[in-house]
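# Working through the structure, step by step
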Amino acid sequence: MRSKERVLAALNHEIPDRVPVYDMGIDEPVVLKLMNAREYTWELAIECHKKIGLDMITAWPETFPLEWFKDERGRRGYIDEWGRKRVFTKDGVKWYAGGVITEEVFDSWNWPDPYVSERYVNVEKTVKNAGELAVIGFVGGPFERAALGRGHQAILVDFYKNPGFVKRHMERVMEYWVEVGKAEIDMGVDAIILADDYAYKSGPFFSPKIFEKFILPLLKREVEVFKKRGVRVIHHSDGYIVPLIPGLIEAGVDGLHSLEPAAGVNIGEVKETYGEKLVLVGNIDCGSLLSFGSPEEVRRVVRETIAKAAPGGGYILSSSNSLHRGVRIENVLAMIDEAKRFKYGCF
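This write-up is about the structure you can find in this document. Keep in mind it's a predicted model, so treat the numbers as computed, not measured.

## Notes on the sheet that holds strand β11 (residues 255-257)
Here we have seven strands laid out as an open sheet, ordered β1-β6-β7-β10-β11-β12-β13, and parallel in their pairing. Looking at strand neighbours, the two that pair on one side only are β1 (56-59) and β13 (315-316), the edges of this open sheet. Both strand β6 (residues 134-140) and strand β7 (residues 191-195) contribute to a ladder of five bridges, which runs parallel. Looking at the pairing, Val 139 lines up with Leu 194 of β7.

Here is the structure:
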């Protein structure tokens, strides 16, 4: 099977020749190390996915800065279209530094325009140059960009003290992502990953009742648009997401990423309970295992994870978030190589 065929089979709960391998993103320093290169380009990142043997690649739309500033420590930073403050550290990493959206500025805010063609430059490059790779379009959901633009603590208070405002905020976010997803589907992506973080490692940010009242109706509307256009939708959230899985199934998502083991997500239990309704994606720990473990440990965990999640189909192996700059290159390569050793006839 070719990579795209393998991925689409897994997303349809069919049995491919082997477990597909994916990662939602690869940080620039990791791409440079893997490709033995000095200058990062998105074209280089596409070739990196091919070289190391991944089956899927995420196509990322752009988010643009609105205002640049220096903080009280002299660090350069910016506020983006969602109202998120970012600051750059000495090593070039940009960190979230809070949100600026209030009810007073909401109506006059310069919200991102989903129809700006420059937003899709890398999406178009990915679709054009992916070759045999499956291309996964990226969108957000109703909650996360609203939460980061407002500030997490403020938006959680809004659910109780200002519910009308939080609904307006999340609807504005959702409507934007609907248009972005439609554009990506029209450009030829094979599926959509909808990233909307709902949980800490200890559990969800909010109760299932809050999720069902405020977020689920908007999430349903968004997912329905994409599925009517013929693509599968994978939902991404870090953390202990298990209490919200029934709501995600009700929303109509086809798959779930990242199934974070460091948050206590047991992929065997999730497979047993929800495996007929959800394609499972992820569960190889990128925080500790891929960063500090040995290649032998990585291979062992990959074998154990495949044994739990792959029987019957509906599993795509990936890290529990992304291949960030802290991962060891030898562990990344061991993860991919070990995954490819297991054919479905072995189960």
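Continuing now.
## Things to note about the packing of aromatic side chains
If you walk through the whole model with that rule in mind, you get 23 aromatic pairs. Ring plane angle 85° and centroid distance 5.5 Å describe the contact between Phe 106 and Phe 165, whose orientation is recorded as edge-to-face. One end of the pair, Phe 106, is in helix α4 (residues 103-106); the other, Phe 165, is in helix α8 (residues 163-187), with 59 residues separating them in the sequence. Ring centres of Tyr 198 and Phe 206 lie 6.0 Å apart, and the angle between their planes is 55°; this geometry places the pair in the tilted category. No difference in accessibility class separates Tyr 198 from Phe 206, as the two residues are buried. Ring pairs connect the aromatic residues Trp 60, Trp 82, Phe 106, Trp 109, Trp 111, Phe 138, Phe 165, Tyr 176 and Trp 177, which therefore count as one cluster. The ring of Phe 69 carries Lys 85 above its face, with NZ or CZ at 5.4 Å from the centroid.

## A few points about the pairing of strand β2 (residues 65-70)
As a general feature of sheets, a regular strand has side chains that alternate between the two faces. Here β2 pairs with strand β3 (residues 76-80) via five bridges, running antiparallel. Residue pairing in the sheet places Trp 68 in a bridge with Tyr 78 of β3. Connecting β2 to the next strand, β3, in antiparallel fashion are five residues, including Gly 74 with a positive phi near 85°.

## Side note on the sheet that holds β3
The strand order across the open sheet formed by four strands is β2-β3-β4-β5, and the pairing between neighbours is antiparallel. Of all strands in the sheet, those bounded by a partner on one side alone are β2 and β5 (94-99). In this sheet, adjacent strand axes meet at a mean angle of 25° when their direction is disregarded.

## Some words on the layout of surface pockets
As a volume, the largest pocket reaches approximately 2,200 Å³. What lines the largest pocket is a set of 50 residues, and nearest its centre among them are Asp 27, Trp 60, Arg 86, Lys 94 and Ser 322. Of all the secondary structure elements, the ones that give two or more residues to the lining of the largest pocket are α2 (28-35), α3 (42-52), β3, β4 (84-88), β5, β6, α6 (144-150) and β8 (199-200). Class assignment of the residues belonging to the lining of the largest pocket gives a composition of 22 nonpolar, 13 polar and 15 charged. Quantified by volume, the second largest pocket comes out at close to 190 Å³. If you trace the second largest pocket, you find it lined by Pro 261, Val 265, Asn 266, Ile 267, Gly 268, Asn 283, Asp 285, Leu 289, Val 301, Glu 304, Thr 305 and Lys 308.

## Quick word on the environment of Tyr 274
Relative to the helices and strands, Tyr 274 resides in helix α11 (residues 267-274). In the structure, Tyr 274 is positioned 133 residues away from Gly 141 in sequence and 22 Å away in space, judged by C-alpha atoms. Aside from chain neighbours lying at most four places away, what touches Tyr 274 is Ile 245, Pro 246 and Ile 249.

Calculation rules
- Residues numbered from 1 in each chain as written.
- Predicted model: local features only at pLDDT ≥ 70, side-chain atom pairs only at ≥ 80, totals over all residues.
- Heavy atoms only, no water.
- Pairing = 2+ DSSP bridges.
- Helix = DSSP H or I, 4+ residues; strand = E, 2+ residues; numbered from the N terminus.
- Phe/Tyr/Trp six-rings, centres within 6.5 Å; stacked < 30°, edge-to-face > 60°.
- Buried < 20%, exposed > 50% of the residue type's maximum accessible area, 1.4 Å probe, protein only.
- Lys NZ or Arg CZ within 6 Å of the ring centre and 35° of its normal.
- Axes fitted to C-alpha atoms, helices over the stretch in contact; angles between N-to-C directions.
- 1 Å grid on protein atoms, 1.4 Å probe; cavity = no way out; pocket = protein on both sides within 12 Å on 5 of 7 lines; lining within 4 Å.
- Points joined across faces, edges and corners; volume = space filled by probe spheres on them.
- Nonpolar A, V, L, I, M, F, W, Y, C, P; charged D, E, K, R; others polar.
- Contact = heavy atoms within 4.5 Å.

No statement about biological role is implied by the geometric values presented.
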